[in-house]
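Summary of structural features
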Amino acid sequence: MNLSSPDVSPPDQALVSPAVQPCDHPQQNPLKIGIMASGTGSNFVAIADAISQQHLAAQIQLVIYNNPNAPVADRARERGIPAALLNHRDFSQREAFDQQIVDLLHTADVEWVVMVGWMRRVTHVLIDAFPDRIINIHPSLLPSFPGIRAIEQAIEYGVTISGCTVHIVRLEVDSGPILMQAAVPVHPEDTPTSLHHRIQVQEHDIIIQAIAQIAQPHTSHNLLTHRH
Ligand code: GRF
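Parameters and conventions
- Residues numbered from 1 in each chain as written.
- Predicted model: local features only at pLDDT ≥ 70, side-chain atom pairs only at ≥ 80, totals over all residues.
- Heavy atoms only, no water.
- Helix = DSSP H or I, 4+ residues; strand = E, 2+ residues; numbered from the N terminus.
- Expected span 1.5 Å × (residues − 1).
- Buried < 20%, exposed > 50% of the residue type's maximum accessible area, 1.4 Å probe, protein only.
- Arc of directions from axis to C-beta.
- Contact = heavy atoms within 4.5 Å.
- Phe/Tyr/Trp six-rings, centres within 6.5 Å; stacked < 30°, edge-to-face > 60°.
- Salt bridge = Lys/Arg side-chain N within 4 Å of Asp/Glu carboxyl O.
- Near = heavy atom within 4 Å.
- Polar contact = N/O pair within 3.5 Å; in protein donor to acceptor, adjacent residues only side chain to side chain.
- Areas by Shrake-Rupley, 256 points an atom, 1.4 Å probe, with all protein chains shown as cover.

**Remarks on helix 3 (residues 94–107)**
Under the 1.5 Å per step criterion, the end-to-end length of helix 3 is 20 Å for 14 residues, consistent within 8% with the ideal 20 Å. All buried positions along helix 3 are accounted for by Phe-97, Asp-98, Ile-101, Val-102 and Leu-105. All buried residues of helix 3 lie within an arc of 140° about the axis, which places them on one face of the element. Its buried side turned inward, helix 3 meets strand 2 (31–36), strand 3 (58–65), strand 5 (112–115) and helix 4 (124–129).

Pasting the structure below:
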């Protein structure tokens, strides 16, 4: 795949890594996921809709959010999905905050954790409770542009291709084995808002593909060994 030549695909069409076929029988033994988010919730909505349309063999047990005004909470509740506010400002230590998150996820019987717009650093407390079972979506082609200014930096740097990445969460911010990526062209007139909007369209696609891949029986056990 030649990512250096935008002419190989229409400008707004992403170059997506190979698609995963959704499960044929999504009702059987769905993967129990917990969502951690603090934004508008567009990725959450994409996941929830894919599940309700039976395109994804998963079940959202719980949404945890840390911003009291996060719209994702309303998006969850209007779908009858429990949403729990855990405000990091109520905790003096990151580890204590993460322990509370772990307790909620365990109580909700969560198997895999999906971060979609979780803007907090995580500690070993969370990582150790769900070893290699936490995924995150990030709005760049990692390892380029980790951190919270990924979209602005991509524009400032002048890259002509950016995109989004789903990866396993490790202690270092936006590191960890990459599960899925989609490339998105950067236009000369792009602002952070316009580029983010185009990237998010692809995020909604690859986060569903990544969860589908994890949810496939026998696949999840081998997911990482194939990627080292
Ligand atoms: C996404 O663009 C994701 O890449 C970033 O946070 C954003 C969350 O968006 N980490 P939304 O709340 O799902 O709309």
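**Looking at helix 5 (residues 150–157)**
Ala-150, Ile-151 and Ala-154 are the residues of helix 5 that are buried. One side of helix 5 carries all its buried residues, which in axial view fall inside an arc of 100°. Elements that come into contact with the buried residues of helix 5 comprise strand 6 (134–138), strand 7 (161–168) and helix 6 (192–215). Looking one or two residues past helix 5, Gly-158 carries a phi angle of roughly 85°, positive in sign.

**Quick notes on the packing of aromatic side chains**
Within the structure shown, the criterion is met by 3 aromatic pairs. Judged by centre distance (5.9 Å) and plane angle (65°), the ring pair of Phe-145 and Tyr-157 falls under edge-to-face. Within this pair, whereas Phe-145 is found in the loop between strand 6 and helix 5, its partner Tyr-157 is found in helix 5, the two being separated by 12 residues in sequence. Residue Tyr-157 is classed as exposed on the basis of its relative accessible area, which comes to 66%. Ring pairing ties together the aromatic residues Phe-91, Phe-97 and Trp-118, which thus form one cluster.

**So, the pattern of salt bridges**
Counted according to the given criterion, the structure contains 7 salt bridges. The partner of Arg-79 in a salt bridge is Glu-78, and the shortest N-O contact between them spans 3.3 Å. The partly exposed category is assigned to Arg-79, whose relative accessible area is 33%. Given the relative accessible area of 53%, Glu-78 is considered exposed.

**A few points about the environment of Asp-205**
Within the secondary structure layout, Asp-205 lies in helix 6. For Asp-205, a relative accessible area of 33% translates into the label partly exposed. On a C-alpha basis, the gap between Asp-205 and Gln-181 in space is 9.9 Å, while along the polypeptide they are 24 residues apart.

**Structural notes on the site of the ligand**
Near the ligand, the surroundings consist of Gly-39, Thr-40, Gly-41, Ser-42, Asn-43, Gly-117, Ile-137, His-138, Pro-139, His-196, Gln-200 and Glu-203. Gly-41 is positioned such that a nitrogen or oxygen atom in its backbone is 2.8 Å from an oxygen atom of the ligand. Residue Ser-42 places a side-chain N or O atom 2.5 Å away from an oxygen atom belonging to the ligand. Contact with the protein chains covers 91% of the free accessible surface of the ligand, which is 370 Å². The set of elements that each furnish at least two residues to the shell around the ligand consists of helix 1 (42–52), strand 6 and helix 6. With 3 residues, helix 6 is the single largest residue contributor to the shell around the ligand.

**Side note on the side chain of Asn-66**
With respect to the helices and strands, Asn-66 occurs in the loop between strand 3 and helix 2 (71–77). Reaching out from Asn-66, the side chain makes a polar contact with the side chain of Ser-38 at a distance of 3.4 Å. What Asn-66 contacts, discounting residues up to four positions off in sequence, is Ala-37, Ser-38, Leu-85, Leu-86, Asn-87, His-88, Phe-97, Trp-118 and Arg-120.

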